[in-house]
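An overview of the molecular structure
Now for the letters of each chain:
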Amino acid sequence: DSLGPGLRACYRYLNQTSRSFAAVIQALDGELRHAVCIFYLVLRALDTIEDDMTISLDVKVPMLHEFHSYLYQPEWKYMESKEKDRQVLEDFPTISSEFRSLSKVYQDVISDICHKMGVGMAEFLEKKVDSQNEWDKYCHYVAGLVGIGLSRLFSASELEDPIVGQDTDLANSMGLFLQKTNIIRDYLEDQLEGREFWPREVWSRYAKKLSDLAKPENIDMAVQCLNELITNALHHVPDVLTYLSRLKNQSVFNFCAIPQVMAIATLAACYNNKQVFRGVVKIRKGQAVTLMMDATNIQAVKNIMYQYVEEIYQKIPSADPSCHKTQQIVASIRARSLPRGPMASRHHYSPIYVSCAMLLAALSWQYLSTITKAAEDLVQTGEN
């Protein structure tokens, strides 16, 4: 009720485009909450342009390149989109007005990331991901830049130290770990919708066409390809742990840590799992709630990472081509996340913990259900 009409409209659009994101964004402290809300809506508008297949390339490419400049054009809007989130384009003047009301330090971050992302989206409009380097580059454009932008906003708010926003390599890894997890898990869904994001350099060693991995007769080779990509993604975990260890503000830590522990749990579920090529692999809702309840400090996150990479280690096939590489990165993560003192098991809790957890669940199940959906969405490709 204390918000002006423009900002109220922005939070309404935030709820309409992603009610789950609205929940976690509104949990952030102070003015950072508004900056991240506007950041999300600006990138949602940019993403809506990129996704709209009714816009011809000769129109779309210049729009993507110039989109950051529309933030400073009070009257700019786009009324011809057919996408479901088109309201963020049709009422872009309200969003851009609230953007211009932010402190200049926030404006500069949002405009810069919007510019770089628009250029990257334009580059990959008609370009497939071939090499592993291009895979990293694509993930940088659609997710790494989000991690970098958010980190710069965290520092600009002074809720976090300047190093959080300055260390772009770590921030980029935060985004890449989530994006690669999405791409790996969503193989079948992307195939059904005609999208291909697995790097040719990897899958071509296992099949003639990426779609061939879904054929039952190719399942063994498909799983080997899957394991190699998961091994690739695991190399970002040490950076994730370093990044999270620098965070001081509780609301920022929760905002960053929850999707990362959801991602490692998802990779553990996908590793060496034929179901990735047959349907949807998801972690259980109760498992997600437990992760969110636990991931409130860096040591707890290290314990979670340790347990899930241990789960992956136990499933490594000795004949898998990536066997030794997987063992090496698991050993590296283990060394960084060795539990201090008794390690909390996901299956064996003290009676006091169980009682507290049951009480919390009874009092706030509706809230936890909303946040569970939020955490799941945080690692969805379309939610960048």
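As recorded in an unreviewed UniProt entry, the protein chain goes by the name Squalene synthase, listed as coming from Nothocercus julius. Recorded in UniProt under Subcellular location (unreviewed entry), the annotation for the protein chain is "Endoplasmic reticulum membrane".

Turning our eyes to something else, we now look at the packing of helix α10 (residues 168-185) against helix α14 (residues 237-245). Running from N to C, α10 and α14 cross one another at 120°; their axes reach a closest spacing of 8 Å. Relative to α14, the element α10 lies oblique. Of the two possible hands of crossing, α10 and α14 adopt the one that is left-handed. Contacts from Asp 169, Leu 170, Ala 171, Ser 173, Met 174 and Phe 177 of α10 reach α14 at Val 237, Asp 239, Val 240, Thr 242, Tyr 243 and Leu 244.

With the rule as written, the count across this model stands at 13 aromatic pairs. Ring centres of Tyr 72 and Phe 99 lie 5.4 Å apart, and the angle between their planes is 80°; this geometry places the pair in the edge-to-face category. Taken together, the residues span a long stretch of sequence, with Tyr 72 in the loop between α4 (57-70) and α5 (87-90) and Phe 99 in helix α6 (residues 92-101) at a distance of 27 residues. Given a relative accessible area of 39%, Tyr 72 falls into the partly exposed group.

Think of it this way: side chains of opposite charge can pair up when their charged atoms draw near. For the coordinates displayed, the defined rule picks out 22 salt bridges. Asp 85 serves as the salt-bridge partner of Arg 44, at 3.7 Å between the closest nitrogen and oxygen. Of this pair, Arg 44 sits in helix α3 (residues 32-51) while Asp 85 sits in the loop between α4 and α5, placing them 41 residues apart in sequence. Each member of the pair, Arg 44 as well as Asp 85, carries the same accessibility label: buried. Taking the shortest distance from any N to any O, the salt bridge between Lys 137 and Glu 123 comes out at 2.9 Å. Here Glu 123 lies in helix α7 (residues 104-123) and Lys 137 lies in helix α8 (residues 132-156), a separation of 14 residues in the sequence. Using a relative accessible area of 35% as the deciding quantity, one classes Lys 137 as partly exposed. Among the charged side chains, a salt-bridge network with shared partners connects Arg 44, Asp 47, Lys 84 and Asp 85.

Glancing now at helix α17 (residues 298-314). Taking 1.5 Å per residue, 17 residues should reach 24 Å; α17 reaches 24 Å between its end C-alpha atoms and fits that length. Counting buried positions along α17 yields 12 of 17 residues, so the element is predominantly enclosed. Every buried residue belonging to α17 is among Gln 299, Ala 300, Val 301, Lys 302, Asn 303, Ile 304, Met 305, Tyr 306, Gln 307, Tyr 308, Val 309 and Ile 312, and all of these are buried. Looking at the packing, one finds that the buried side of α17 touches α13 (219-234), α14, α15 (250-270), α16 (285-294) and α18 (323-336). Backbone nitrogen of Gln 299 and a side-chain oxygen of the N-cap are separated by 3.2 Å at the start of α17; the cap is Asn 297.

Next up on the list: empty space enclosed by the protein. Applying the stated criterion to the full structure yields four cavities of 30 Å³ or more. In this structure, the second largest cavity spans a volume of roughly 50 Å³. Residues of the lining of the second largest cavity, tallied by class, amount to four nonpolar, no polar and four charged.

We now examine unusual backbone geometry. One can expect most non-glycine residues to show negative phi and most peptide bonds to be in trans. Positive phi is not limited to glycine here, since Glu 158 has a value of about 70°. For Glu 158, the position within the fold is in the loop between α8 and α9 (162-166). A relative accessible area of 70% means that Glu 158 is categorised as exposed. Non-glycine residue Asn 272 carries a positive phi angle of around 55°. Mapped onto the fold, Asn 272 is located in the loop between α15 and α16.

Ranked by internal contacts, the top residues of the largest apolar core, which has 129 residues, are Phe 67, Trp 198, Leu 213, Tyr 243, Leu 244 and Phe 277. Broken down by element, this core gets its largest block of residues, 14 residues, from α15. Each of domain 1 (1-127) and domain 2 (158-340) gives at least three residues to this core.

Right, let's talk about the packing of α14 against α15 for a bit. Packing of α14 against α15 brings their axes to within 11 Å, and their N-to-C directions diverge by 160°. One finds that α14 runs roughly antiparallel with respect to α15. Relative to α15, α14 is oriented so that their crossing is left-handed. Here Val 237, Val 240, Tyr 243 and Leu 244 of α14 come into contact with α15, specifically with Phe 253, Cys 256, Ala 257, Gln 260 and Ile 264. Looking at the contact of α14 with α15 residue by residue, the class counts come to eight nonpolar, one polar and no charged.

Right, let's get into the environment of His 68. Relative to the elements of secondary structure, His 68 occurs in helix α4. Separated by 46 residues in the primary sequence, His 68 and Cys 114 have C-alpha atoms spaced 5.5 Å apart. The residues touching His 68, leaving out its near neighbours within four places in the chain, are Ser 111, Cys 114 and His 115. Engagement of the side chain of His 68 in a polar contact is seen with the backbone oxygen of His 65, the distance being 3.3 Å.

Once that is clear, we can look at the environment of Asp 320. Mapped onto the elements of the fold, Asp 320 is located in the loop between α17 and α18. By relative accessible area, Asp 320 is classed as buried at 7%. C-alpha separation for the pair Asp 320 and Asp 220, spaced 100 residues apart in sequence, amounts to 9.8 Å. Dropping the residues within four chain positions of it, Asp 320 is found in contact with Gln 224 and Asn 227. Here Asn 227 takes part through its side chain, which lies 2.9 Å from a polar atom of the side chain of Asp 320.

About the thresholds
Residues numbered from 1 in each chain as written. Predicted model: local features only at pLDDT ≥ 70, side-chain atom pairs only at ≥ 80, totals over all residues. Heavy atoms only, no water. UniProt positions renumbered as here; feature names shortened; annotations may be inferred. Axes fitted to C-alpha atoms, helices over the stretch in contact; angles between N-to-C directions. Helix = DSSP H or I, 4+ residues; strand = E, 2+ residues; numbered from the N terminus. Parallel < 35°, antiparallel > 145°, perpendicular 65-115°, else oblique. Left-handed = near helix turned anticlockwise from the far one by under 90°. Contact = heavy atoms within 4.5 Å. Phe/Tyr/Trp six-rings, centres within 6.5 Å; stacked < 30°, edge-to-face > 60°. Buried < 20%, exposed > 50% of the residue type's maximum accessible area, 1.4 Å probe, protein only. Salt bridge = Lys/Arg side-chain N within 4 Å of Asp/Glu carboxyl O. Expected span 1.5 Å × (residues − 1). Polar contact = N/O pair within 3.5 Å; in protein donor to acceptor, adjacent residues only side chain to side chain. 1 Å grid on protein atoms, 1.4 Å probe; cavity = no way out; pocket = protein on both sides within 12 Å on 5 of 7 lines; lining within 4 Å. Points joined across faces, edges and corners; volume = space filled by probe spheres on them. Nonpolar A, V, L, I, M, F, W, Y, C, P; charged D, E, K, R; others polar. Core = buried A, V, L, I, M, F, W, Y, C linked by side-chain atoms within 4.5 Å. Domains from an automatic or database assignment.

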